[in-house]
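Letter by letter, the chains look like this.
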Amino acid sequence: NSFVTRTNTCGELRSAHVGQKVTLYGWIQYQRQGLFLVLRDFHGLTQIIIPQDEAHSHVKKLLSNAPVESVVRVTGIVSPRPPGQENPKMPTGDIEVKAETAEVLNSCKKLPFEIKDFIKKSEALRMQYRYLDLRSFQLQCNLRLRSQIVMRMREYLCNLHGFVDVETPTLFKRTPGGAKEFLVPSREAGKFYSLPQSPQQFKQLLMVGGLDRYFQVARCYRDEGSRPDRQPEFTQIDIEMSFVDQAGIQRLIEGLLQYSWPEQRGSITTPFPSMTYEEALADYGTDKPDTRFGMKIVDIGDYLQRLDIQFVQNALSYPRGTVKAICIPQGVRYLKNKDLESLKESAKSQFNQEIMEIICRPDGSLKSLLTKFLGEKQQSELIQALNMQVDDVVLLAAGERKQVCSALGSLRLESADLLEAAGLLLRDPTAFHFLWVVDFPLFLPKEENPSELESAHHPFTAPHPSDTNLLYSDPTKVRSQHYDLVLNGNEVGGGSIRIHSAEQQRFVLEKVLKEDSEVLSHLLEALEFGAPPHGGIALGLDRLISLIVGAPSIRDVIAFPKSFRGRDLMGSAPDYVTPEELEPYHIQVSWPLAEKEAKKN
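Residues numbered from 1 in each chain as written. Predicted model: local features only at pLDDT ≥ 70, side-chain atom pairs only at ≥ 80, totals over all residues. Heavy atoms only, no water.

In the annotation of an unreviewed UniProt entry, the protein is listed under the name SYDM protein and assigned to Ibidorhyncha struthersii. In its Sequence similarities (unreviewed entry) section, UniProt records this for the protein: "Belongs to the class-II aminoacyl-tRNA synthetase family. Type 1 subfamily." (UniProt positions renumbered as here; feature names shortened; annotations may be inferred.)

Set out below in structure tokens:
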């Protein structure tokens, strides 16, 4: 209550305050028949008794007629609630304030929706009236918890471990590779700035500059178009250190999260478990596994290879051919036929992967197209290999390894959703399973042209020390010093040890990635002036907070988010500008093209 004219907040009055004269400010949450109202501020709720005597008739009229969500000032005496009228669900439920004077500071017009968490509102309406949506209890909690966590992170990094908080430029130039960047026109004809997708180059240059330990709550920008649950502007906890290895970065982040973790979410145990990229893909079909539940992918190629089954032999004859499966526990009991058909259709449409189902009947026999190739003994062996129980359903896939693993990894998550929708709890919503994924490939084939390579992380990532020689002979086999932090199946951080040799960085850009190194001439030159070995990481703050609070979308932990199309529905941005405003930037809008784009959206 410092610096303001209220004596107390609406959430702090207790029995100990009985008899005191208090002044409260807040919004009218509820008003009943001119008898009492509930006043709300950021801290909580207080019941206000509206006076009924003639001497205070003006106060009664004012408070009785004030619309819900009007802002008022109330001065009165704290009194105990009458016996039997206490409300144990309210922290202030033992008291009430008997109003003596009041003032309506601002009346509220008719609301587009009620300010209550349990009232369903469309996403578009919430975004259009975001300033009203922010009054909800849940959004208030989310944003305040976010603030507390960031403050604890600052304490840990700056006060305990000597990091320097440095703001890096927002206007920069295009970076090769990575996500598409927003362009900002300049007054020099044909020249544009880019909004950085991360402060990657700057933090490396700060290490060259000898700062040793850098950190920033960084605003980042990616022009990713219409992607659900992504934001064109987002926030990273950005970190870089000199003279560090992968284990050092991992220990730092584990300590950072343990220090800043909110008490109400329990404690987290360190060190976090770790698995390689290859292990993650083989067991979970993804590089961001949700380890809160089982249903791991099982390789049954060796077992089925002994059998004369044509589709199995065809799959195994390919280089990197495989046969793998996942077992859905109690699938017969919880999944309908239409669910199984939906899973098979999903694998076909997304991954072009055929799926065969195997069902374990109550008598222990198998129901599947596969059983006509299997004797009783072989069926028993297959049940053992898959660890099947009665009523389990197995989904089997055969083909190229990465495609099979990716399809089964996706079906594993879809199956978990279906099982939980049917009432079987697989993933504890209060559990937080952190995981490091390491030893990523340094390069991956480009999707549009597999004969060319692109960086799996970014072009500044250093090769694994054991694979450095392969960089010059067979770059496709090089592992990287790239590490991702995964929480409950979501990537919440990613980083790497960086290349600090100008010669090696130039080779990667020019010879492997076929990029024009001139764009990065400033960085390459900096690496020639005694650049220290260095590495870092960035934590996605929005995603991390949304998982901590259990929000369905990252939009619920951002004060003013964009829609999934990247639009600000409250302020109608982006917006048109006049030709006169564009003239200094040497830009003209091609209206036929613009109209075509508008129709597409």
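> Which parts of the structure should I look at to understand empty space enclosed by the protein?
With a probe scaled to a water molecule rolled over the atoms, the places where space remains empty come into view. One pass over the structure, following the stated rule, counts 1 cavity of 30 Å³ or more. Estimated volume of the largest cavity: approximately 60 Å³. As for the largest cavity, its lining consists of M127, R130, F560, P561, R567, D568, L569 and M570. Among the residues forming the lining of the largest cavity, the class breakdown is 5 nonpolar, no polar and 3 charged. (1 Å grid on protein atoms, 1.4 Å probe; cavity = no way out; pocket = protein on both sides within 12 Å on 5 of 7 lines; lining within 4 Å. Points joined across faces, edges and corners; volume = space filled by probe spheres on them. Nonpolar A, V, L, I, M, F, W, Y, C, P; charged D, E, K, R; others polar.)

> How should helix α13 (residues 401-421) be read in this particular structure?
Counting along an α-helix, one turn takes 3.6 residues, and residues three or four places apart therefore face a common direction. With 21 residues, α13 ought to run about 30 Å at 1.5 Å a step, and its terminal C-alpha atoms sit 30 Å apart, in line with that. Measuring from the backbone nitrogen of K402 back to the side-chain oxygen at the start of α13 gives 3.2 Å, which picks out E400 as the cap. The positive-phi residue at the C-terminal boundary of α13 is G423, with phi of around 110°. (Helix = DSSP H or I, 4+ residues; strand = E, 2+ residues; numbered from the N terminus. Expected span 1.5 Å × (residues − 1). Polar contact = N/O pair within 3.5 Å; in protein donor to acceptor, adjacent residues only side chain to side chain.)

> What exactly am I supposed to notice about the packing of aromatic side chains here?
What the rule picks out here adds up to 10 aromatic pairs. Between W261 and F432, the aromatic rings sit 5.0 Å apart at their centres with planes inclined by 80°, giving edge-to-face as the arrangement. On the criterion of sequence distance, the pair formed by W261 in the loop between α6 (246-260) and β11 (274-276) and F432 in the loop between α13 and β17 (434-438) is long-range, its members being 171 residues apart. Judged by relative accessible area, which is 9%, W261 ranks as buried. When the centroid spacing of 6.3 Å and the interplanar angle of 80° are considered together, the rings of W436 and Y483 count as edge-to-face. Residue W436 is found in strand β17, and its partner Y483 is found in strand β20 (residues 482-487); the two are separated by 47 residues along the sequence. Three or more aromatic residues joined by ring pairs form one cluster here, namely W261, F272, F432 and F434. Directly above the aromatic system of F293 lies the positively charged group of R412, at a separation of 3.8 Å from the ring centroid. Against the face of F293 rests R427, its NZ or CZ located 5.7 Å from the ring centre. (Phe/Tyr/Trp six-rings, centres within 6.5 Å; stacked < 30°, edge-to-face > 60°. Buried < 20%, exposed > 50% of the residue type's maximum accessible area, 1.4 Å probe, protein only. Lys NZ or Arg CZ within 6 Å of the ring centre and 35° of its normal.)

> Honestly, the sheet that holds strand β2 (residues 36-41) in this entry has me stumped. Any pointers?
Neighbouring strands of a sheet are bound in pairs by backbone hydrogen bonds; such pairs are parallel or else antiparallel. Taking strand neighbours around the barrel as the criterion, the 5 strands line up as β1-β2-β3-β5-β4 in a closed arrangement whose pairing is mixed. Neighbour-to-neighbour, the strand axes of the sheet open up by a mean angle of 55°, direction not taken into account. In this sheet, β2 lies alongside strand β1 (residues 21-32) in antiparallel orientation, the contact comprising 5 bridges. Along β2, the bridge assignment pairs Y30 with V38. (Pairing = 2+ DSSP bridges. Axes fitted to C-alpha atoms, helices over the stretch in contact; angles between N-to-C directions.)

> Explain the pairing of strand β3 (residues 44-49) here, please?
Both faces of the sheet carry side chains from a regular strand, because those side chains alternate between them. In this sheet, β3 lies alongside β2 in antiparallel orientation, the contact comprising 6 bridges. The residue of β3 that forms the bridge with F36 is I49. With 2 bridges joining them, β3 and strand β5 (residues 95-106) adopt parallel strand pairing. Its bridge partner being in β5, I49 is matched across the sheet by K98.

> Quick question: what am I supposed to make of the nonpolar core here?
Most often, soluble globular proteins have nonpolar side chains that are buried together. Judged by nonpolar contacts, the single largest core of 50 residues is most densely connected at I239, I253, L257 and L485. Not counting the four nearest positions on each side in its chain, I239 is found in contact with L157, F163, K203, Y214, F215, L252, I253, L256, R498, G536 and I537. (Core = buried A, V, L, I, M, F, W, Y, C linked by side-chain atoms within 4.5 Å. Contact = heavy atoms within 4.5 Å.)

> What's the story with the packing of helix α11 (residues 337-351) against α13 in this structure? I'm lost.
Between two packed helices, both the angle of their axes relative to each other and the distance between the axes serve to describe the pair. Running from N to C, α11 and α13 cross one another at 145°; their axes reach a closest spacing of 10 Å. When you trace α11 past α13, the crossing you get is right-handed. On α13, the residues touching D339, L343, S346, A347, Q350 and F351 of α11 are Q403, S406, A407, S410, L411, E414, S415 and L418. (Left-handed = near helix turned anticlockwise from the far one by under 90°.)

> What exactly am I supposed to notice about unusual backbone geometry here?
Across the chain, the bulk of peptide bonds are trans and the bulk of non-glycine residues have phi less than zero. Residue P271 follows T270 across a cis peptide bond; omega there is 0°. Cis peptide bonds are those with omega within 30 degrees of zero, and the linkage from A573 to P574 qualifies with 0°. Not every positive phi belongs to a glycine, and H586 is a case in point at roughly 60°. Here H586 is to be found in the loop between α18 (579-582) and α19 (591-600).

> Help me understand the sheet that holds strand β13 (residues 321-328) in this model?
Strand order across the open sheet formed by 5 strands is β12-β13-β16-β14-β15, with antiparallel pairing between neighbours. Two strands close off the open sheet at either side, each with one partner strand: β12 (298-299) and β15 (366-367). Looking at chain direction, β13 and strand β16 (residues 393-400) are connected through 8 bridges and run antiparallel. When the sheet's bridge partners are listed, G321 is paired in β16 with E400. Against the sheet, helix α9 (residues 310-317) contacts β13, β14 (356-360) and β16, and its axis sits at roughly 120° relative to β13.

> Sorry if this is basic, but what is going on with the packing of helix α4 (residues 137-161) against α6 here?
Close contact between α4 and α6 brings their axes to 8 Å; oriented N to C, the two are set at 130°. Between α4 and α6, the angle is such that the two are oblique. Once α4 is placed against α6, the crossing between them reads as right-handed. Together, I149, R152, M153, E155, Y156, L157 and L160 of α4 and L252, G255, L256, L257, Y259 and S260 of α6 make up the contact between the two elements. (Parallel < 35°, antiparallel > 145°, perpendicular 65-115°, else oblique.)

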